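Okay, here's what each chain looks like letter by letter:
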Amino acid sequence: MKKYIYIFLTISLLFSCDKDFLEEKPEDFLSSANAFTTYEDFLASVNNLYFLYRRQYFSRDENRPFDFIYGTDIVFDGQRSTQRHSNMVAAYDPVAEIPRVHWNLLFKTISEANAVIDQVEQSNLTDDQKTDILSQARFFRAISYRSLAYLYGGVPLVLEQLTAPKTDFTRNTKEEVLNQVLEDLNYAKDNLPSIEEAADGRVNSLAAYHLLAEVYLAVNRPQDAVAAATVVINNPATALMTTRFGSRANEEPGDVYWDLFRKNNQNRSSGNTEAIWVIQFETDVLGGGTTSTGRGGSYMLERHHGTFMRDLRVDGDRPFSWPIGDYTAGRGIGWAISTRHFSNTIWETDFDSDIRNAGHNFVREFTSTNPNSPLFGQVISTENPPEGVEVPSRTFYAYQSKCTTPFNHPDGLYANPETYQLTNAAGATYTDQYMFRLAETYLLRAEAYLMAGNLTDAAADINTVRARSNATPVAASNVDMDYILDERMRELGIEEKRRLTLMRTGLLYDRVLRFNPYYADEIQEHYNLWPIPANEIERNKDGNLEQNPGY
């Protein structure tokens, strides 16, 4: 990736500079004034937007990508730490890392998108090349402002490249921010390539339509949301996967839902017609994010959501070897523990029939792997745990196998491939990651129908998703927002950026209070928005970045 000197203009860094430096004319080094010359130059900058996006949600480190599931209704912290939203007062303090890092990363993406947008208008690119660059840059500006609006409310709208320090920002309203998001997305959906034309991992017109449907919900325009989602759903190139496919289609146990999350199965090139936009991780490829001998730069979902079998004891005995690349969750360390609502309550009506809850998808039974244990070869279940074993706890809980790659870790991570013993460098999820897939589009349209008062069509969309999983159809009279949020949990689980959904709907406080006892004593209503970072307010000495209420 090319790195440009204009990076220092990120609006999240409101700093003071020496005046002489600002007036220096770049004649023999790379800057925003001379870096954008050829189409390849612009492509390099657009590729960096993809990198920044992946970094925000998947690969920055072992903590920040998981801010979108901790502190919600789906998991809780297995080892108390503000890094995992335990002690919410500290985690969401205006000086804390969590709100500051995401503010900076999102505005960094916007800053670089603005630089691309401004420079392409002045370039000598062909009209087709300009459209190609602009449609991608405006998509990333839109999706970044969308997240800012959900997480922080109204934020400063900056729509052009900054060429000098600025210390007088003011907050636009949330409505103004989301209206700009809609403007950018409407340009993107009209100008991005079709999903058939776009390479794996590249944003495409249907990704823009999918996001449009979501943002139309956020601004209370349900009919527009229905129309946008319908474009995606009715496109002949998209369909829910309903039969087994891909790299491990012949393995048992398994089903089509399990296949969705196996290595190499996420992209359209694998025959997956459900994928709308997939974040790419290429193992052992420079810039690909993952290596076959470690977890650095990868998505450490296995590490967080996998159970910490090493420390499980039954009558003082250790029944599991650890780490093993099987259904005991690889090198999981039990940080992201499933809530009982996630692992049990939402499945009550179809516990044994819904394939998403099958034992290879939501793992509850574990076969002892320690040959020195008297329990060796025996099954230990979370539903009927041995006396003295707490469920859920860091060492023993039901988890989703989509967080790991059972019997299929990279070769370089096996200490003993015959027994699937892993090295201590394991802990990542070595698959490409869904950002948008068609099942979610159906659930967005169901939400739009619900908002419009059309329960019949809302139920029909939910039941399309449920039918694929052999789940009992929901009656229209039983559809409400809680049901849709539970269905999102059943279908999307830990792949969903749950915080964005709950903050978009304004239901974070309500859902955590009711369904996540671990955080119930800490959650406060004003946590439906994060604080504006204190250092941004302090640096903005000539303007007023008003703090969110409650902070």
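The model shown is predicted, which means the values in this text are computed figures rather than measured ones.

### Side note on the side chain of Glu-214
Here's step 1: By the secondary structure assignment, Glu-214 is in helix α7 (residues 205-218).
Here's step 2: Overall, the relative accessible area of 6% leaves Glu-214 in the buried class.
Here's step 3: Ignoring sequence-local partners within four residues, the contact set of Glu-214 consists of Arg-146, Tyr-150, Leu-444 and Arg-504.

### Notes on the environment of Ala-459
Here's step 1: Looking at where Ala-459 falls in the secondary structure, it is placed in helix α13 (residues 455-468).
Here's step 2: You can call Ala-459 buried: its relative accessible area is 5%.
Here's step 3: In the structure, Ala-459 is positioned 65 residues away from Gln-524 in sequence and 32 Å away in space, judged by C-alpha atoms.
Here's step 4: When sequence neighbours within four positions are dropped, the list of residues in contact with Ala-459 reads Val-474, Ala-475, Ala-476 and Val-479.

### A word on the packing of helix α5 (residues 127-152) against helix α15 (residues 498-505)
Here's step 1: α15 packs onto α5 with a crossing angle of 65° between their chain directions and a minimal axis gap of 8 Å. Crossing handedness for the pair α5 and α15: left-handed. Mapping the contact onto sequence places Arg-146, Ser-147, Tyr-150 and Leu-151 in α5 and Arg-499, Leu-500, Met-503 and Arg-504 in α15.
Here's step 2: Here the contact of α5 with α15 is built from residues that sort into four nonpolar, one polar and three charged.

### Comments concerning unusual backbone geometry
Here's step 1: Looking along the chain, the bond that leaves Glu-252 and enters Pro-253 is cis, with omega of 0°.
Here's step 2: For Pro-253, the position within the fold is in the loop between α8 (222-234) and α9 (256-259).
Here's step 3: Even without being a glycine, Asp-315 presents a positive backbone phi close to 55°.
Here's step 4: Relative to the helices and strands, Asp-315 is located in the loop between α10 (301-305) and β5 (336-338).
Here's step 5: For Asp-315, a relative accessible area of 76% corresponds to the exposed category.
Here's step 6: At Asn-470, a residue that is not glycine, the phi angle is positive and equals roughly 60°.

### Quick notes on the pattern of salt bridges
Here's step 1: One pass over the structure, following the stated rule, counts 46 salt bridges.
Here's step 2: Among the salt bridges present, the one from Glu-496 reaches Arg-488, with a minimum N-O distance of 2.9 Å.
Here's step 3: By relative accessible area, Glu-496 is classed as buried at 5%.
Here's step 4: With relative accessibility at 1%, the residue Arg-488 sits in the buried group.

### Details of the side chain of Arg-468
Here's step 1: Relative to the helices and strands, Arg-468 resides in helix α13.
Here's step 2: Within polar-contact distance, the side chain of Arg-468 engages the side chain of Glu-491 at 3.0 Å.

### Points about the packing of aromatic side chains
Here's step 1: Under the criterion given, the structure shown has 33 aromatic pairs.
Here's step 2: Note on Phe-76 and Tyr-518: the rings are 5.2 Å apart at their centroids and 25° apart in plane angle, and the pair reads as stacked. Here Tyr-518 lies in helix α17 (residues 517-520) and Phe-76 lies in strand β1 (residues 75-77), a separation of 442 residues in the sequence.
Here's step 3: On the basis of relative accessibility, which here comes to 12%, the residue Phe-76 falls in the buried class.
Here's step 4: Where Phe-139 meets Phe-140, the ring centres are 5.6 Å apart and the plane angle is 90°; that geometry is what we call edge-to-face.
Here's step 5: Residue classification places Phe-139 among the buried positions, given a relative accessible area of 0%.
Here's step 6: Aromatic ring contacts, followed pair by pair, group Tyr-50, Tyr-53, Tyr-57, Phe-68, Phe-139, Phe-140, Trp-277 and Phe-436 into a single cluster.
Here's step 7: The positively charged end of Arg-54 is found above the aromatic ring belonging to Phe-281, 5.2 Å away from the centroid.

### Quick look at the nonpolar core
Here's step 1: Of all hydrophobic cores here, the largest spans 139 residues; its most connected members are Phe-139, Phe-140, Tyr-145, Leu-148, Trp-277 and Phe-436.
Here's step 2: Here this core takes 13 residues from α5, the largest share from any one element.
Here's step 3: Ignoring anything within four residues of it in the chain, the contact list for Trp-277 reads Tyr-50, Tyr-53, Phe-139, Phe-140, Ile-143, Gly-201, Arg-202, Val-203, Ala-207, Tyr-434, Met-435 and Phe-436.
Here's step 4: If you look at the next biggest cluster of nonpolar residues, it comprises 10 residues, including Phe-245, Val-256, Ala-275 and Tyr-434.

### Brief notes about the environment of Leu-450
Here's step 1: Relative to the helices and strands, Leu-450 resides in helix α12 (residues 438-451).
Here's step 2: C-alpha of Leu-450 to C-alpha of Thr-167: the two residues are 283 residues apart in sequence and 43 Å apart in space.
Here's step 3: Among residues more than four places away in sequence, those in contact with Leu-450 are Leu-455, Ala-458, Val-479, Asp-480, Met-481 and Ile-484.

### Digging into helix α16 (residues 508-515)
Residue pairs three or four apart in sequence face the same way in an α-helix, which turns once every 3.6 residues.
Here's step 1: Along α16, the residues that are buried comprise Leu-508, Arg-511, Val-512 and Phe-515. Taken around the axis of α16, the buried residues stretch over an arc of 95°, which confines them to a single face.
Here's step 2: Against α11 (340-343), α14 (481-492), α15 and α17 lie the buried residues of α16.

### Considerations on the pairing of strand β2 (residues 275-279)
Here's step 1: With five of five residues buried, β2 lies mostly within the body of the structure.
Here's step 2: Pairing of β2 with strand β12 (residues 433-437), which is carried by four bridges, proceeds in the antiparallel orientation. Within β12, the position partnered with Ala-275 by the bridge is Arg-437.

### Observations concerning α8
Here's step 1: Its 13 residues give α8 an end-to-end C-alpha distance of 18 Å, which sits within 8% of 18 Å, the value for a rise of 1.5 Å per residue.
Here's step 2: What α8 keeps buried is the set Pro-222, Ala-225, Val-226, Ala-228, Ala-229, Thr-230, Val-232 and Ile-233.

Criteria and thresholds
Residues numbered from 1 in each chain as written. Predicted model: local features only at pLDDT ≥ 70, side-chain atom pairs only at ≥ 80, totals over all residues. Heavy atoms only, no water. Helix = DSSP H or I, 4+ residues; strand = E, 2+ residues; numbered from the N terminus. Buried < 20%, exposed > 50% of the residue type's maximum accessible area, 1.4 Å probe, protein only. Contact = heavy atoms within 4.5 Å. Axes fitted to C-alpha atoms, helices over the stretch in contact; angles between N-to-C directions. Left-handed = near helix turned anticlockwise from the far one by under 90°. Nonpolar A, V, L, I, M, F, W, Y, C, P; charged D, E, K, R; others polar. Salt bridge = Lys/Arg side-chain N within 4 Å of Asp/Glu carboxyl O. Polar contact = N/O pair within 3.5 Å; in protein donor to acceptor, adjacent residues only side chain to side chain. Phe/Tyr/Trp six-rings, centres within 6.5 Å; stacked < 30°, edge-to-face > 60°. Lys NZ or Arg CZ within 6 Å of the ring centre and 35° of its normal. Core = buried A, V, L, I, M, F, W, Y, C linked by side-chain atoms within 4.5 Å. Arc of directions from axis to C-beta. Pairing = 2+ DSSP bridges. Expected span 1.5 Å × (residues − 1).

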